[in-house]
Amino acid sequence: PNMLTTNQASIESGTTGWTQNIDGTEVDFSSSTGWAALGTHSLHFKATGTGSSQTASATAAYVDVTPGNYYGVSLKLNYISSGGTTPALHISWFDDDGVFVAISTPLVRPVSTGISTLRLAVQAPERATRAYVVFGHSSADSNFLQNAQAVEWYIDDIWFSEPDVL
């Protein structure tokens, strides 16, 4: 079963359960009917400001995990424009005290603009008891966002679960 809430998975009732992570520019972060893979809404992310940013991503509220177990993420992406960099899907791992443990590797990126499905399956690190699904342009890698005003994407039908059900 999906470990995300129904709204985190489908974005049908707003952005509850998701957080925008942005520095250096303005962004439209909303539940949108502009495109959807499941239902009528998706999470829309479009930079509307100017300047550069090192982080422009969306993060789902954490789910509890067991260290050493395998987990997977799957999402449908409509990748409109990149702003010169390519967004990535990853899992950020934390311990019970909220202390950062690790970022999943490799980061999973779309091959090109357009509609695609991204999948990632990894083992939870030792000490990791919480996981956050993260998608976007992030300082988690060296692919920093240089032209924030051109970034736009939608994500929908998002899963976090044991990999055998992805």
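Keep in mind that this is a model prediction, so the values were computed, not measured. (Residues numbered from 1 in each chain as written. Predicted model: local features only at pLDDT ≥ 70, side-chain atom pairs only at ≥ 80, totals over all residues. Heavy atoms only, no water.)

(A) Main features of the overall build of the protein. Across its full length, the protein holds 1 helix and 11 strands. Helices and strands appear in the protein in the N-to-C order α-β-β-β-β-β-β-β-β-β-β-β. Sorting the 166 residues of the protein into buried and exposed places 47% on the buried side. Partitioning the intrachain contacts of the protein with sequence separation of at least 6 by distance along the chain shows that 75% fall at a separation of at least 24. Carbon and sulfur atoms make up 49% of the accessible area of the protein, which amounts to about 7,300 Å² in all. (Helix = DSSP H or I, 4+ residues; strand = E, 2+ residues; numbered from the N terminus. Buried < 20%, exposed > 50% of the residue type's maximum accessible area, 1.4 Å probe, protein only. Contact = heavy atoms within 4.5 Å. Areas by Shrake-Rupley, 256 points an atom, 1.4 Å probe, with all protein chains shown as cover.)

(B) View of the nonpolar core. Counting 35 residues, the largest nonpolar core has Trp18, Leu89, Trp93, Trp153, Ile155 and Phe160 as the members making the most contacts within it. Where this core is concerned, the elements lending two or more residues are β2 (27–32), β3 (42–47), β4 (56–60), β6 (70–82), β7 (88–94), β9 (114–123), β10 (130–137) and β11 (151–161). Setting aside residues no more than four positions away along its own chain, Trp153 makes contact with Leu43, His44, Phe45, Ala58, Leu77, Asn78, Tyr79, Ile80, Pro87, Phe135, Gly136 and His137. (Core = buried A, V, L, I, M, F, W, Y, C linked by side-chain atoms within 4.5 Å.)

(C) Expanded view of the pattern of salt bridges. What the rule picks out here adds up to 1 salt bridge. The salt bridge involving Asp157 is made with Lys76; its shortest N-O contact spans 3.1 Å. Taken together, the residues Asp157 in strand β11 and Lys76 in strand β6 connect sequence positions 81 residues apart. (Salt bridge = Lys/Arg side-chain N within 4 Å of Asp/Glu carboxyl O.)

(D) Representation of the environment of Ser112 in the model. Here Ser112 is to be found in the loop between β8 (100–103) and β9. For Ser112, a relative accessible area of 45% gives the class partly exposed. Separated by 33 residues in sequence, Ser112 and Tyr79 place their C-alpha atoms 7.7 Å apart.

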